[in-house]
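Structural features, examined
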2 protein chains.
Amino acid sequence: MHRVVIIGGGFAGLNAAQLLKHADAEVTLIDKRNFHLFQPLLYQVATGALSPGEIAAPLRYVLNRQKNTRVLLGEVSDLDAGEVVLKDGSRVPYDTLIVATGATHHYFGHPEWATLAPGLKSVEDATEIRTRILLAFERAEKETDPAERQANLTFVVVGGGPTGVELAGALGEISRDTLKKDFRHINPADAKIFLIEGEPRLLPSYPPKLSKSAEESLTKLGVQTRNSSRVTEIDKDGVTVKTGDKTNPIRTRTVLWAAGVQASPLGKLLESKAGAKLDKSGRVLVEPDLSIAGRPEILVVGDLAAVPKVPGVAPAAIQQGRYAAKLVIARLRNEKTKPFHYHDKGSLATIGRNQAVAEIGSFQFSGILAWLAWLFIHLLYIVGFQNRALIALQWAFGYLTYNRGARLITGQYKT
Amino acid sequence: MHRVVIIGGGFAGLNAAQLLKHADAEVTLIDKRNFHLFQPLLYQVATGALSPGEIAAPLRYVLNRQKNTRVLLGEVSDLDAGEVVLKDGSRVPYDTLIVATGATHHYFGHPEWATLAPGLKSVEDATEIRTRILLAFERAEKETDPAERQANLTFVVVGGGPTGVELAGALGEISRDTLKKDFRHINPADAKIFLIEGEPRLLPSYPPKLSKSAEESLTKLGVQTRNSSRVTEIDKDGVTVKTGDKTNPIRTRTVLWAAGVQASPLGKLLESKAGAKLDKSGRVLVEPDLSIAGRPEILVVGDLAAVPKVPGVAPAAIQQGRYAAKLVIARLRNEKTKPFHYHDKGSLATIGRNQAVAEIGSFQFSGILAWLAWLFIHLLYIVGFQNRALIALQWAFGYLTYNRGARLITGQYKT
């Protein structure tokens, strides 16, 4: 039996596995986490609107009726001839390898910023960011020094892509609505939220019209945008922002990182062990059929793959994962295959209550219609009916009450 | 204005604060966590049925409409004349002090067992236990040595009170139902679950008839009970259980602690700073009005208070918290007060699907009726309408699908 090994249970890997359900193949899905994470909603965990369990689905559960598929919890440490080597030393042989390990943050040569400005990739990142945001308000409430109080009430989001825009918007809502009546000594609406973007406009991959709408909506929520700007320094007292020739320090206790994408370390492994070529972000350059040049049995899908004109978004990962599965099936049947073709379904980003921007086909729109489209599409794509119902319910409550029920300060912290 | 300071936002402290809503007093609620935790359902977080956010309510949100009340995130480090001193050095003056800091685990003189056998008091405990349980199955799936595989498939719960019974029952369900189809190399139903209780029967504080029902239901779920037994050793290879003169080793990789209660360290502080007397568990002996002898302005409520014939359960804590608030109000009005009287509403413990034991008034019953009573009462007492709806929804899904949607392996772990 043909053995397909998939590394990574994100959008690309999970979709590949699911489409191989009826394939004449033994499928092994390897992931270092035991769950699939619906990353587009991770910022809602970071801002206390949802709980981690609600945007995650156990991989074993999702695939448990798929008789030809097994799930392995493990981290890949090496690739050998026709075998994947795991950290625990075990080896998993393959005939076809699908690598879908995605990407992580990139601090532009400043790895020391990682602890000062956490990024948002894992559930642990999200609960850490949640704790930092909520603790900042708590410290402000107790602080008597006005400058230090304002530093605690200042939030800097680095990166004006969809994640940065959604995080900044959520921070605007938290300070203006959610926490409105919660404190006695501070007014949470005094919070200053800065959104720093290197390009001349937010959401640079979106049409200019939508960038403008997003900027206007964010401004209404109290977010101050700094376009054509970059962060040159981060330390425990704040960040230094450079706009043109001007350098401005911002005193803050909370910096969140939503910029820079770096491919997973599997890219480098594919370079050294399978002769793959990488682009400057470490992504793997692939052939039109998503395989590595000269290694047709190794396919790279999702954010780890560098495919011209294909953005690093969930729909692209899903399409690539499904393409890889179909390719495997076609090869097993000795059928011809077409190159991968990305079908751009559009772009969506939510800013806050009733506010989002959308590009679907040739339609560009913003406001409540875009917001409803965002709600609908996200509910549609989340894995599992149970999560769908839970999230819909929380959103309904949140909409009616302005509350965010999952705002827990957890983990290690000092009061 | 009379200043009431409440330490602890559990059942006792939160109920005291809420009843002081219309009191002619300034109320300060101090807690080291920013949320109230519905502890009776914590075992459901530990076993992947619910998410932490669903059994927690932000204290600020719960109290935000209560104008005379403020919430302080902080940990108490000392008590001074008429002042509570926090770790950050700030001081909170009081006229009446209500101490409601509860209890924690007690390892019977073996503090080194704490990391080997985590107890279940905080959300961090619950997610840690969840990770340990799920990882044990993952390791078993990969293990080739039969003895080591069985060690991973063996779970020991120490303590046969309500928490231990509920944990063991949930482990039975996880291995028999939830994970049924999830693995390819192991049969999760091969899991051995031991429940160790020092007294001759489980649930020693319940009527003997219900102990028997609980034991029977647990046996059906595959749980092996060891009554009149105690754990004499725990190390990384397992536990040693002593029953009478016999000593039996159990090889296991997962030991959960549900025995031994020790009062919070505030008890000792009250002893040294307010002349309180403590019982052998460190609980504070109180006067009939829950005050400390000779210190009428200091009230102790909830699990920290040693009140004859009052068990350490949520309803008792709620009643004591409410009593303390009424006492404060009566004193402010110069009205006479009656001693605290515990109204025993009964006992409930769930074992699994359709299985619970209940004593309500003079009725003792078990089975599906007790289970429905358990569901209903827990939904009734949980704080917040939103949490109630979320939990009801998850329970409905869990009942229909046998799934536990929140089974995430999180935090630090080795694959």
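Bear in mind the structure is a predicted one, so any value in this text is a computation, not a measurement.

1. Considering the overall build of chain A
Along the backbone of chain A there are 11 helices and 25 strands. Taken over the C-alpha trace, chain A has a radius of gyration of 22 Å; the compact-globule value for 415 residues is 22 Å, and the two agree within 12%. C-alpha atoms of chain A, sized along the principal axes, occupy 70 × 45 × 45 Å. When each of the 415 residues of chain A is scored for burial, the buried share is 54%.

2. Points about the environment of Ala 389 of chain B
Examined against the element boundaries, Ala 389 of chain B turns out to sit in helix α11 (residues 385–401). Taking the C-alpha atoms as reference points, Ala 389 of chain B and Glu 54 of chain B, separated by 335 residues in sequence, lie 9.5 Å from one another.

3. Examining the sheet that holds strand β21 (residues 295–300) of chain B
Residues and elements named next belong to chain B. Ordered by their spatial adjacency, six strands build an open sheet running β5-β2-β1-β9-β21-β20, and the pairing between neighbours is mixed. Two strands bound the open sheet, and with one partner strand each, they are β5 (69–73) and β20 (291–292). Across the face of the sheet, helix α1 (residues 11–19) comes into contact with β1 (2–7), β2 (25–31), β5 and β9 (96–99) while running at roughly 155° to β1. Contacts between helix α8 (residues 266–274) and the sheet are confined to β1, β9, β20 and β21, with β21 contributing the most and set at about 170° to the helix.

4. Considerations on the pairing of strand β12 (residues 192–196) of chain A
All names here are of chain A. Most of β12 sits out of view: four of its five residues are buried. Looking at chain direction, strand β11 (residues 154–158) and β12 are connected through five bridges and run parallel. Looking at the pairing, Val 157 lines up with Leu 195 of β12. Considered for its hand, the β-α-β crossover made up of β11, helix α6 (residues 162–178) and β12 is right-handed. Across four bridges, β12 lies against strand β13 (residues 223–226) in parallel orientation. Bridge assignment links Ile 196 to a residue of β13, and that residue is Arg 226.

5. Describing helix α7 (residues 208–220) of chain A
All names here are of chain A. The terminal C-alpha atoms of α7, which comprises 13 residues, lie 19 Å apart, in line with the 18 Å expected from a rise of 1.5 Å per residue. Taken residue by residue, α7 has Leu 210, Ser 211, Ser 213, Ala 214, Glu 215, Ser 217 and Leu 218 as its buried positions. Following α7 by one or two positions, Gly 222 has its phi on the positive side, about 90°.

6. Notes on the packing of α1 of chain B against helix α9 (residues 314–332) of chain B
All names here are of chain B. Between α1 and α9, the least distance of the axes is 7 Å, while the angle of their chain directions is 35°. Considering how the two elements wind past one another, α1 and α9 form a crossing that is right-handed. Of α9, the residues touching α1 (which contributes Phe 11, Ala 12, Gly 13, Leu 14, Asn 15, Ala 16 and Leu 19) are Ala 314, Ala 317, Ile 318, Gln 320, Gly 321, Arg 322, Ala 324, Ala 325 and Lys 326. Taken together, the residues of the contact of α1 with α9 sort by class into 10 nonpolar, four polar and two charged.

7. Examining the pairing of β1 of chain B
Along a regular strand, successive side chains alternate from one face of the sheet to the other. Residues and elements named next belong to chain B. Taken together, the six bridges between β1 and β2 define a ladder with parallel strand orientation. Note on β2: the bridge partner recorded for Ile 6 is Leu 29. Chirality of the crossover, the property in question, places the unit of β1, α1 and β2 among those that are right-handed. For β1 and β9, the ladder comprises four bridges, and the chain directions are parallel. Pairing of Val 5 across the sheet is with Leu 97, part of β9.

8. Thoughts on the relation of the copies chain B and chain A
When chain B is fitted to chain A, the best match, at an RMSD of 0.0 Å, comes from turning it 180° and sliding it 0.0 Å along the axis. Such a turn and shift between the copies fits a two-fold axis. With an isologous cut-off of 70% or more, the 100% of interface residues of chain B that recur at the interface of chain A puts this contact in the isologous class.

9. A closer look at the interface of chain B and chain A
Between chain B and chain A, the contact holds 45 residues from the first and 45 residues from the second. Those elements giving two or more residues to the side of chain B that touches chain A turn out to be β4 (56–58), α3 (59–62), β5, α4 (123–142) and α11 of chain B. It is α11 of chain B that contributes the most residues to the side of chain B that touches chain A, seven residues altogether. Within the side of chain B that touches chain A, the residues separate by chemical class into 15 nonpolar, 14 polar and 16 charged.

10. Considering unusual backbone geometry
Notably, Lys 309 of chain A is not glycine yet its phi reads approximately 65°, a positive angle. Residue placement: Lys 309 of chain A occurs in the loop between β22 (305–306) and α9 (314–332). A positive phi is found at Ser 228 of chain B, a non-glycine position, where the angle reads about 45°. Tracing the sequence through the fold places Ser 228 of chain B in the loop between β13 (223–226) and β14 (229–235).

11. Concerning the domain arrangement of chain A
Accessible area lost when the parts come together is the quantity often used to give the size of an interface. With domains assigned, chain A is organised as domain 1 (2–32 + 74–105 + 261–332) and domain 2 (111–259). Averaged C-alpha coordinates put domain 1 of chain A and domain 2 of chain A at centres separated by 35 Å.

12. Brief notes about α9 of chain A
At 3.6 residues per turn, the α-helix brings residues three or four places apart onto the same side. Residues and elements named next belong to chain A. Taking 1.5 Å of rise per residue, 19 residues should cover 27 Å, and α9 covers 27 Å from first to last C-alpha, within 8% of that figure. Of the positions making up α9, those classed as buried are Ala 316, Ala 317, Ile 318, Gln 319, Gln 320, Gly 321, Tyr 323, Ala 324, Ala 325, Leu 327 and Val 328. The inward-facing, buried residues of α9 abut β1 (2–7), α1 (11–19), β2 (25–31), β9 (96–99), β21 (295–300) and β22. Backbone geometry just downstream of α9 places Asn 334 in the positive-phi region, at approximately 60°.

13. Notes on the sheet that holds strand β23 (residues 347–352) of chain A
Residues and elements named next belong to chain A. Read across the sheet, three strands follow the order β23-β24-β25 without closing on themselves; strand pairing throughout is antiparallel. The open sheet has two free edges, formed respectively by β23 and β25 (363–366), since each of these has just one partner strand. Each strand of the sheet is rotated relative to its neighbour by a mean of 5°, with strand direction disregarded. Note that strand β24 (residues 355–360) and β25 share four bridges and pair antiparallel.

The rules behind the values
- Position numbers for residues start from 1 in each chain and track the written sequence from start to end.
- Chain A is the first chain written and ligand 1 is the first ligand written, with later ones labelled in order.
- Reporting of local features is limited, given that this is a predicted model, to residues whose pLDDT is at least 70; pairs of side-chain atoms are given and counted only at 80 or more, and all residues count toward the totals for whole chains, interfaces and linings.
- By definition, any uninterrupted DSSP run of H or I lasting at least four residues is a helix, any uninterrupted run of E lasting at least two residues is a strand, and each is numbered from the N terminus.
- Values of the radius of gyration come from C-alpha atoms, whereas the globule rule sets the reference at 2.2 Å times the count of residues to the power 0.38.
- Every C-beta atom is placed from the backbone, and the number of other C-beta atoms within 10 Å of a residue's own sets its class: buried at 20 or more, exposed at 12 or fewer, partly exposed in between.
- By definition, two strands form a pair when at least two bridges between them are found by DSSP.
- We call two residues in contact when the distance between their C-beta atoms, placed using the backbone, is within 7 Å.
- Interaxial angles span 0 to 180 degrees and are taken between N-to-C directions of axes, which are lines fitted to C-alpha atoms, for helices over the stretch in contact.
- Handedness of a crossover is defined as follows: with both strands directed away from the viewer, a clockwise route from the first strand across the helix to the second makes it right-handed.
- In this scheme, a helix's expected span is set at 1.5 Å multiplied by one less than its residue total.
- For a crossing to be left-handed, the near helix must be turned anticlockwise from the far one by less than a right angle; the clockwise case is right-handed.
- Put simply, Ala, Val, Leu, Ile, Met, Phe, Trp, Tyr, Cys and Pro go in the nonpolar bin, Asp, Glu, Lys and Arg in the charged bin, and everything else, Gly too, in the polar bin.
- Least-squares superposition aligns the copies on the C-alpha atoms of those residues with pLDDT at or above 70 in both.
- Those domain boundaries reflect an automatic or database domain assignment.

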